[in-house]
Amino acid sequence: EVGGMDALNGTTVGPIKVTGPYSFTIGKDLSGMPSYTREGIVSQVKVPHQVAFVSFEEIEQRALGPEEMMLPQPDLAKFGRPEQLHFAFQAIQQFAEEHGRLPNVRDAADSAECVERAKKLNEARKGGSSNLTLESVEADVVKKTAEFASCMLSPMAAFLGGVVAQEVVKATGKYTPLHQLLYFDMFELLTETPPTDWQPQGGRYDDQLAVFGAAAQAKINNMKLFLVGAGALGCEYLKAFALMGVGAGPEGLITVTDMDMIEISNLNRQFLFRQKDVQKPKSHTAAAAAQQINPNLKVEALMDRVGQDTEAIFHDTFWTSKNLIVNALDNIQARLYVDQKCVWYELPLLESGTLGTKANSQVVLPNMTQSYGDSQDPPEESIPLCTLKHFPNQIEHTIEWARDLFQGVFVDNVLEVKKCCADPEQYLQRLPSEGSLSGQLERLTSILNIVALGQGRDPEELCVQLAVDSYVANFRDMPAQLLHNFPSDHVTAEGQPFWSGPKRCPRALEFNPNDELHLDFVFRAANLFAYNLKLGDALKDKAKVKSMAEKIAVPPFQPKNVKIKTSDQDKTEEGGADDEQRVKEMMKKVSALSRDVWATVAARLEACEFEKDDDTNHHIDYISAAANLRARNYTIQEADRHKVKMIAGKIIPAMATTTAMITGLVSAELLKMATQPNAPLEIFKSAFVTLALPLWVLSEPLPPVKTVSKDMDPIAGGPVRARPEGFTPWQKVQVNLGDCTISELVDFLSEDPWKVEVMIISVGNACLYNAYLPAHRKRLTRKVTEVFEEIVKTPLPAWKCNLPLEVSAADPDDEVDVLLPTIKLNFK
């Protein structure tokens, strides 16, 4: 699409050099070519990068690969640890070759021998060709490595398994391979004082006993854990819990909840599921599979979403019965909700997520770390509405548009008709106040179309007619109208070509039943209309649909006098000059329909529920055809069905390698929490990983955000005092006055240690008391719970034991605003 230098089109231009935000140079001789005029699309091609490797025998001696300055350092708090581990592993290998076994567990003589071997190896290499030597060998590192060389822990196995499996995949040439060694330890799992009850018992947990001891293993077995989600991460966690024995003791219990059913697309990475499990509940199936791994595992499987609408299930007693929460979720809203509950009930939370080869984990500890909600990723960028509606320039834009088209035609329109069927008069009275005229026109048109489907004419013919009409409206008339408003040679007020840059000039597509893509759209649309009418497989024969479509006379395009926005900043109200009159006429037609017609239509209609994994329901095929037709309108490279399914189905790229690796890291944090309840913060690790690079960054969790006094607060417009100074979101003012009155609460806060004058008391958006309003004074003698129930117009449920109160207060001595922690009113 390069203008002027036409000879460049379709060629390879070599490496480019970016010279500015809107310009770059190309590595190609342009002499003799006409002058460049405009436009052009350059596609980036990734150039293979050659990486040099040496043999394993050589790398054992050198440790560092070609052009490497240091070994990978996953945890910068242990800088230099990988180099120490290199000599520790070499010493243990020598020991194994000589003795025919690995060092025995916690054997002082064996570990001492390994330490001496490591020191000799280091000294021998100082005078040789090795490019890695140590100033001194850390005996403690070698000792720990030797003492547990024969132990295998599930977290380390999962971590290394995920890493190694990803390296195998890299043999295809995709992603950057590990170069060449990776050393990783989890020595934080060890306590300063070795356990006395570490001896093996001949059971499945012997390796864990060697590390933690029997008493600590009992704590692991008796954990009461809540796992939220049973998808890719959830399956790996349940497998890990089964292997470690979490919840397998007499007092232990794992509660897992997931409202989803198993889909075919889950099977490639959610390894507790099989083909026979498709359309079964994820939570129940995963729980059963985990219990096959460890029959002693106690699992309670639920199918309830965790949120405000299920607080009768996940209530105060439920949360307080747990000692650890593990999130395995795929959306931010649910993560934030669970995080809020953990802060409220002061529960530790293990948070993690994956995206392709990327993964992260976060350790949340009450009163010690930030919560998940204290720091969030920026919101995902959305496609501008005008780009979707009129000016797409990427296949992702057309797929998103096609997904919206499916939702609007086969779901929203049907539900709109059902709403109208329930009370047509009220619907029509309300319509003029809802949305723009063009929106009202669109809704009324869809209602009349669907009503026509439900009565009179042969429904099969009408389904095909509506499918053809839909094609003509979207792929012929829409771009034709756009070109009528803005011809291909249209220029802006600044004299620049309108159709330039991201605005691609469209072309109208006349309906041609002999074009396979045209026919496929009509075939899929007709079948979806048939589904709306509960006609079953009446139109499953594509040849029959083609024959019917060929007989439909398509009227020529008639341009309209309509206004079109050119950008999201454009204040133009879209629509035609006669929209108001057309809306009135259509409202008359709708109001003239009898109640019998509405009853008949309502009984025959059924909205489509989007399902990406059913290859027989036409959903993805319809979206694929629509997306590619729109791409053809705008000369955009078309996409295959798989890509359409990924984008339209919002399938998050998930890889079994990444999932296994990150659950290994999180499982290690779980073991620290279970076996070292009073451990210092520095032994815990949050992680950010990209296996594609590869890159591992482990760091100590951040401390909680503190609220402090300020001489000038920008919100208050003056000084504020924190009471107590430096309180965190974890802290609460515990009020144990029972079912008290507002006056009793105010008096409580006026005394030590708070000493504040209360101005406003609220729960969420409900203001219970405002000292500035005289009418609120009579509320002082009423119970807090009574006032709350009156305002929200809902009685407090029987399981509710407390209320979170936010208080606006001031210091009575000088009227300076005082910031208090959230008040936890325990009224039961």
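Thresholds, definitions, all that
- Residues numbered from 1 in each chain as written.
- Predicted model: local features only at pLDDT ≥ 70, side-chain atom pairs only at ≥ 80, totals over all residues.
- Heavy atoms only, no water.
- Buried < 20%, exposed > 50% of the residue type's maximum accessible area, 1.4 Å probe, protein only.
- Helix = DSSP H or I, 4+ residues; strand = E, 2+ residues; numbered from the N terminus.
- Arc of directions from axis to C-beta.
- Contact = heavy atoms within 4.5 Å.
- Axes fitted to C-alpha atoms, helices over the stretch in contact; angles between N-to-C directions.
- Parallel < 35°, antiparallel > 145°, perpendicular 65-115°, else oblique.
- Left-handed = near helix turned anticlockwise from the far one by under 90°.
- Phe/Tyr/Trp six-rings, centres within 6.5 Å; stacked < 30°, edge-to-face > 60°.
- Polar contact = N/O pair within 3.5 Å; in protein donor to acceptor, adjacent residues only side chain to side chain.
- Pairing = 2+ DSSP bridges.

*Asks:* Any details on helix α25 (residues 784–792)? Residues and values, ideally.
*Replies:* By the burial criterion, the buried members of α25 are V784, T785, V787 and F788. The buried residues of α25 all sit within an arc of 160° when viewed along its axis, so they share a single face. The elements touched by buried residues of α25 are α24 (742–750), β16 (757–763), β17 (766–770), β18 (802–810) and β20 (822–826). Directly after α25, the chain includes K793, whose backbone phi takes a positive value near 60°.

*Asks:* Lay out the environment of L665 with the relevant residues and their values.
*Replies:* As for its position among the elements, L665 is in helix α23 (residues 656–675). Separated by 20 residues in sequence, L665 and K685 place their C-alpha atoms 8.5 Å apart. The contact partners of L665, leaving out residues within four places of it in the chain, are F159, F184, M186, A687 and V689.

*Asks:* Give me the lowdown on the packing of helix α8 (residues 232–244) against helix α9 (residues 282–293), citing residues and values where you can.
*Replies:* It is at 9 Å that the axes of α8 and α9 come closest, and there the two elements cross at 30°. One way to sum up the angle between α8 and α9 is to call them roughly parallel. As for how α8 packs across α9, the hand of that crossing is right-handed. For the pair α8 and α9, the contacting residues are C235, L238, K239, A242 and L243 in the first and A286, A287, A290 and I293 in the second.

*Asks:* Just give me the short version of the packing of aromatic side chains, but keep the residues and values in it.
*Replies:* Within this structure, the stated rule accounts for 24 aromatic pairs. Each ring, one from W401 and one from F475, has its centre 5.9 Å from the other, and the planes form 70°; the classification is edge-to-face. Linking W401 in helix α13 (residues 395–422) with F475 in helix α16 (residues 459–485), this pair joins segments that are 74 residues apart in sequence. With 5.1 Å between their ring centres and 85° between their planes, F475 and F521 make a pair best called edge-to-face.

*Asks:* Lay out the side chain of K341 in plain terms, naming residues and giving numbers.
*Replies:* Tracing the backbone through its elements, the reader meets K341 in helix α11 (residues 332–345). Residue classification places K341 among the buried residues on the basis of a relative accessible area of 13%. Side chain to side chain, K341 and E311 meet in a polar contact 3.3 Å long. Apart from residues lying up to four places away in sequence, K341 is in contact with E311 and W319.

*Asks:* Which residues make up the pairing of strand β1 (residues 16–20), and what values go with them?
*Replies:* Consecutive side chains along a regular strand alternate between the two faces of the sheet. Across four bridges, the pairing between β1 and strand β2 (residues 23–26) is antiparallel. When the sheet's bridge partners are listed, I16 is paired in β2 with I26. A loop of two residues connects β1 with β2, the two strands running antiparallel in sequence.

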